[in-house]
2 protein chains.
Amino acid sequence: MAAVSTPYDLYYWPVLPGRGEVIRMILEDAGVAYRDVARDEGFAAITAVREGALGEPRPYAPPVLKHGDLVLSQSAVIARYLGERHGLASSDERGRLLTQQHFLGWSDLMAETHETHHPIAVGLHYEEQRDAAKERAHHFLANRLGSWLDHFERIVSHGEGHHVPGVMTYADFMARFVIRGIEYAFPSTFDRHRPQIPSLLSLTERVEARPALAAYLASDRCLAFNEHGIFRHYPELDA
Amino acid sequence: MAAVSTPYDLYYWPVLPGRGEVIRMILEDAGVAYRDVARDEGFAAITAVREGALGEPRPYAPPVLKHGDLVLSQSAVIARYLGERHGLASSDERGRLLTQQHFLGWSDLMAETHETHHPIAVGLHYEEQRDAAKERAHHFLANRLGSWLDHFERIVSHGEGHHVPGVMTYADFMARFVIRGIEYAFPSTFDRHRPQIPSLLSLTERVEARPALAAYLASDRCLAFNEHGIFRHYPELDA
């Protein structure tokens, strides 16, 4: 494995937060040297990686992290790798397993949120699948979102403010990102859920108050949510 | 952590293979004592776990593994935990990271396959969303399945027959399960892809030839694919 001081190269879409955002958050929080390669070089850098520019086996999709001669994809794997190297992990095996479990839970919720605007095909525009999207969003907001939020509120409440008691982990960072994403995508529905999730809202604010993260969030390195990403605000879906 | 000799309790739907099947495969391959609790006690055992019977924080959904006082959910986390304890993991960190990455890739493909028959809501019957399912399946089979299979074929080909060179891992088990699932769901389409994936087909057969797994697959403990599960055969979707 490369030394911690070896710089990191992150490959992720340069125009949206998304699966790469929690990786950016971890790197910024750690204050380590990293290059957000496609912000410098454009989409072509990602295309090259998907065509084998970093070697074989090539990754299926970004985010991709290169660290020395190690090349990783899948946000859960990258987040775990970085989180455990940079102080965002439990010191015991049980805590590390649960951190990964909770991260993957938030990933599942994020994936369900993405499906609300792309229920038919990722290769079609939203406007080409709007009717199905309205149906999917209706079911998601009526039957899924509340149970997911109940689930995570219970975890963080039992964890005394964290997913794993007593320690800030990359699962907490992921929670902050997904909470802000859902708030952006479905502001009206989210407002109705606020009283249900005091522990999650408090955690979100505590993550964002970490000095290095606060500086990142206020910088132009941090991309705003928009309608190219996973979390999109289409008012007709927020019914 | 509990000793390896502590029995395992698995909670998963007793009527279908699915996200729990790779866990069953790992336990059977290892030849360890385990109880498939809901096969004995029915759905009520799963409902109880989701309502906190194994303690807090309760899991969101099965599969759930109880080992001593450790309770885990998320198939990727359980598979890693068991795989690393029972000889289905790399001996170095790079290999362990890549195993998890590839497992999650197969999980993504499995999730996309599930969406083909439930594009609108998991809470609705297939028959209530058949038109959208036909559209989703068309796009999946035309634009996604081939690129996923190319991706994994390249990995296993570069890995000399495994996802991680030289070692049989729980990612190889997951590949076998998803390959068989897609073959079941879309037999006509899958037949056309066979010439494209010699390494994956060989791996599938080598996994199934492991003596303990061969015995499991031939036993009544192994549930057949059916139309309650993730991989469902609806001829109208296999166009």
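Residues numbered from 1 in each chain as written. Chains lettered and ligands numbered in written order. Predicted model: local features only at pLDDT ≥ 70, side-chain atom pairs only at ≥ 80, totals over all residues. Heavy atoms only, no water.

Caption draft 1: Representation of unusual backbone geometry. A cis amide bond links Glu-56 of chain A with the next residue in sequence, Pro-57 of chain A, at an omega value of -5°. Its place among the elements puts Pro-57 of chain A in the loop between helix 3 (43–50) and strand 3 (64–67). Each neighbour pair has its own omega, and for Pro-62 of chain A with Pro-63 of chain A the value is 5°, a cis peptide bond. Among the structural elements, Pro-63 of chain A can be located in the loop between helix 3 and strand 3. In this model, Glu-160 of chain A sits at a positive phi of 55°, which is unusual for a non-glycine residue. With respect to the helices and strands, the residue Glu-160 of chain A is situated in the loop between helix 6 (130–158) and helix 7 (170–185). We note that Gln-74 of chain B has phi near 75°; this positive angle belongs to a residue other than glycine. Structurally, Gln-74 of chain B can be placed in the loop between strand 4 (70–73) and helix 4 (75–85). When its relative accessible area of 19% is taken as the criterion, Gln-74 of chain B is described as buried. (Helix = DSSP H or I, 4+ residues; strand = E, 2+ residues; numbered from the N terminus. Buried < 20%, exposed > 50% of the residue type's maximum accessible area, 1.4 Å probe, protein only.)

Caption draft 2: View of the side chain of Arg-24 of chain A. Residue and element names in this part refer to chain A. Here Arg-24 lies in helix 1 (residues 21–30). Judged by its relative accessible area of 1%, Arg-24 is buried. A distance of 3.3 Å separates a polar atom in the side chain of Arg-24 from the backbone oxygen of Leu-16. Contacts of Arg-24, omitting those with residues within four sequence positions, involve Leu-10, Tyr-12, Trp-13, Pro-14, Leu-16, Pro-17, Tyr-34, Asp-36, Arg-39, Tyr-216 and Leu-223. (Polar contact = N/O pair within 3.5 Å; in protein donor to acceptor, adjacent residues only side chain to side chain. Contact = heavy atoms within 4.5 Å.)

Caption draft 3: Spatial organisation of the interface of chain B and chain A. Listed by partner, the interface residues are 43 residues for chain B and 43 residues for chain A. Both faces combined, the contact of chain B with chain A buries some 4,000 Å², and carbon together with sulfur accounts for 60% of it. Its largest share of buried area at the contact with chain A, chain B owes to Tyr-60, Arg-94 and Ile-120 of chain B, together 18% of the area lost on that side. Note that Arg-154 of chain A and Glu-56 of chain B form a salt bridge whose closest N and O atoms lie 3.4 Å from each other. In this structure, the connection of chain B to chain A is made through 14 residue pairs in polar contact (both at pLDDT 80 or more). If one sorts the elements of the side of chain B that touches chain A by residue count, helix 6 (residues 130–158) of chain B sits on top with 11 residues. (Buried area = accessible area lost by both parts, 1.4 Å probe. Salt bridge = Lys/Arg side-chain N within 4 Å of Asp/Glu carboxyl O.)

Caption draft 4: Up close: the sheet that holds strand 2 (residues 34–36) of chain B. Residues and elements named next belong to chain B. Pairing in this open sheet of 4 strands is mixed, and the strands run 2-1-3-4 from one edge to the other. Of all the strands in the sheet, just strand 2 and strand 4 have a single pairing partner and so form its edges. The average undirected angle you get between the axes of adjacent strands in this sheet is 15°. Two strands pair when backbone bridges link them, and strand 1 (residues 8–11) and strand 3 (residues 64–67) are joined in this way by 4 bridges, in the antiparallel orientation. Counterpart to Asp-9 in the pairing with strand 3 is Lys-66. The sheet strands contacting helix 1 (residues 21–30) are strand 1 and strand 2, and the helix crosses strand 2 at an angle near 150°. (Pairing = 2+ DSSP bridges. Axes fitted to C-alpha atoms, helices over the stretch in contact; angles between N-to-C directions.)

Caption draft 5: Here's a closer look at the packing of aromatic side chains. Residue and element names in this part refer to chain A. Per the stated rule, a full pass over the model turns up 22 aromatic pairs over all chains. Ring plane angle 25° and centroid distance 5.4 Å describe the contact between Tyr-184 and Phe-225, whose orientation is recorded as stacked. Of this pair, Tyr-184 sits in helix 7 while Phe-225 sits in the segment after helix 10 (211–217), and the two are 41 residues apart along the sequence. For Tyr-184, a relative accessible area of 26% gives the class partly exposed. (Phe/Tyr/Trp six-rings, centres within 6.5 Å; stacked < 30°, edge-to-face > 60°.)

Caption draft 6: The arrangement of the sheet that holds strand 3 of chain A in detail. Residues and elements named next belong to chain A. The 4 strands are arranged 2-1-3-4 in an open sheet whose pairing can be described as mixed. Across the chains shown, the open sheet's two edge strands, defined by having one partner strand only, are strand 2 (34–36) and strand 4 (70–73). Within the sheet, the average angular offset between the axes of one strand and its neighbour, ignoring direction, is 15°. Sheet contacts for helix 4 (residues 75–85): strand 1 (8–11), strand 3 and strand 4; angle to strand 4, the most-contacted strand, approximately 125°.

Caption draft 7: Highlighting the relation of the copies chain B and chain A. Least-squares fitting of chain B to chain A yields an RMSD of 0.0 Å, with the transformation described by 0.0 Å of translation along the axis and a rotation of 180°. This pairing of chains is accounted for by a two-fold axis. Ranked by how close their C-alpha atoms come to the rotation axis, the residues of chain B are headed by Pro-119 of chain B, at 2.8 Å. When the interface residues of chain B are mapped onto chain A, 100% of them are again interface residues, pointing to one common binding face. (Least-squares fit on C-alpha atoms with pLDDT ≥ 70 in both.)

Caption draft 8: The packing of helix 5 (residues 93–117) of chain B against helix 6 of chain B, seen in detail. Residue and element names in this part refer to chain B. Relative orientation of the contacting elements helix 5 and helix 6 amounts to 165°, with a least axis distance of 9 Å. With respect to each other, helix 5 and helix 6 are oriented roughly antiparallel. For the pair helix 5 and helix 6, the crossing hand works out as left-handed. Facing His-102, Gly-105, Trp-106, Asp-108, Leu-109, Glu-112, Thr-113, Glu-115, Thr-116 and His-117 of helix 5, the residues of helix 6 in contact are Ala-133, Arg-136, Ala-137, Phe-140, Arg-144, Leu-145, Trp-148, Phe-152 and Ile-155. Tallied by class, the residues present in the contact of helix 5 with helix 6 amount to 9 nonpolar, 5 polar and 5 charged. (Parallel < 35°, antiparallel > 145°, perpendicular 65-115°, else oblique. Left-handed = near helix turned anticlockwise from the far one by under 90°. Nonpolar A, V, L, I, M, F, W, Y, C, P; charged D, E, K, R; others polar.)

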